[in-house]
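Structural overview for review
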Amino acid sequence: MILLAAQFGYLILLKWVNPPVTITQISNWTRGYGLKRDYVRFNQMSPNIRLAVMASEDQLFPDHNGFDLTSIKEALLEKSKKRKQVRGASTISQQVAKNVFLWQGRSWLRKGLEAYFTFMIELVWGKERILEMYLNVIEMGPGIFGIEAASRNYFNKPAKKLSRTEASMIAACLPSPKKIRVRPPSNYVNNRYPQILAQMDNLEPDEDIQRLLK
C-alpha cells in the first residue's frame, strides 16, 4: 500500500514537475554514452517538432486513450507469422510510460506495468503534458535526451526555432537513436524525413492536431 501510494503521488507530481532522472538515462550514463538533457516547457518547443513526432510515431495520438488497438493487432499478427522485423505498436503515451517510470525490455511484467502507467498518465496528465514529457525524456541520439539537447547538438539552436525540415530529421532517428545518425544525416534519415514532412502536411489541418500545436 505504501509503494502504491508513493508511485501514485509521484505520478501526480509529474503532472507539473519533470522527473529528476529516469532509469533509461541512468543506464545510458553507466554504459558510457553520457547524459545530455535540458528540460523545456511546452511553449519552448517549436510546433514543428510536436507535429513531426506525431507524424512519425503516433498519428492518432490526439484521438486514442493511450493504446492504438489496430496497430497492436497488426503487430501481433506479424509476430505470429515469425517475421524478422515486427512493426512497432507503441503509442507516444506508452513510450512516455516506459521511459519515465520503467526500464527498457520486453518482459511481460514490464509490458503490464507499461499498460498501467499509460492508462494513468492519460487519465491524470492529459495529451499536452504527455507530449511535453515525451519531447523532454525521449532519447534522440547516443546519450542525448529531449528535444532541447537534440536541437542544440544537431543544429546549434534552441528547440523553439526548429524548422520543419530540422524537426522531421530529428523525428526520423527515433526508431533507433543510437544507430540512426541525424547530422550528417544517414541514408535512413535522408530517405525517411521527406516522408515525415509529407505526413506533417497531411495531419496539420486536423482540428485535434491543431490544439496540440498552439
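See the structure above.
Residues numbered from 1 in each chain as written. Predicted model: local features only at pLDDT ≥ 70, side-chain atom pairs only at ≥ 80, totals over all residues. Heavy atoms only, no water.

In this section: unusual backbone geometry. Trans peptide bonds make up most of the peptide bonds, and negative phi angles are found at most residues other than glycine. Following Arg183, the chain continues into Pro184 via a peptide bond in cis, with omega recorded as -15°. Here Pro184 lies in the loop between helix H9 (164-172) and helix H10 (187-203). In this structure, Asn156 takes a positive phi of about 55° despite not being glycine. Structurally, Asn156 can be placed in the loop between helix H8 (147-155) and H9. (Helix = DSSP H or I, 4+ residues; strand = E, 2+ residues; numbered from the N terminus.)

A word on a nonpolar patch on the surface. Taken together, the side chains of Met1, Leu4, Phe8 and Tyr116 define a hydrophobic patch exposed on the protein surface, amounting to about 450 Å² of accessible area. Counting through the fold element by element, Phe8 comes out in helix H1 (residues 2-13). The exposure class assigned to Phe8 is partly exposed, which follows from its relative accessible area of 37%. (Patch = residues over 30% accessible without salt bridge, like charges linked within 9 Å, V, L, I, M, F, W, Y side chains within 5 Å. Areas by Shrake-Rupley, 256 points an atom, 1.4 Å probe, with all protein chains shown as cover. Salt bridge = Lys/Arg side-chain N within 4 Å of Asp/Glu carboxyl O. Buried < 20%, exposed > 50% of the residue type's maximum accessible area, 1.4 Å probe, protein only.)

Now for the packing of aromatic side chains. Between two aromatic rings, the relevant description is the distance of the centres plus the angle of the planes. Evaluation of the coordinates by the stated rule reveals 4 aromatic pairs. Ring plane angle 90° and centroid distance 6.2 Å describe the contact between Tyr10 and Phe101, whose orientation is recorded as edge-to-face. Residue Tyr10 is located in helix H1, and its partner Phe101 is located in helix H5 (residues 92-101); the two are separated by 91 residues in the primary sequence. Between Phe101 and Trp125, the aromatic rings sit 6.0 Å apart at their centres with planes inclined by 35°, giving tilted as the arrangement. Here Trp125 lies in the loop between helix H6 (108-124) and helix H7 (127-137) and Phe101 lies in helix H5, a separation of 24 residues in the sequence. (Phe/Tyr/Trp six-rings, centres within 6.5 Å; stacked < 30°, edge-to-face > 60°.)

Once that is clear, we can look at H10. Between its first and last C-alpha atoms H10 spans 25 Å; for 17 residues at 1.5 Å apiece the expected length is 24 Å, and the two agree. Turning to H10, its buried residues are Val189, Arg192, Ile196, Leu197, Met200 and Leu203. Where H10 is buried, its residues contact helix H3 (47-57), H9 and helix H11 (207-211). (Expected span 1.5 Å × (residues − 1). Contact = heavy atoms within 4.5 Å.)

Purely spatial values, then, with no claim about function.
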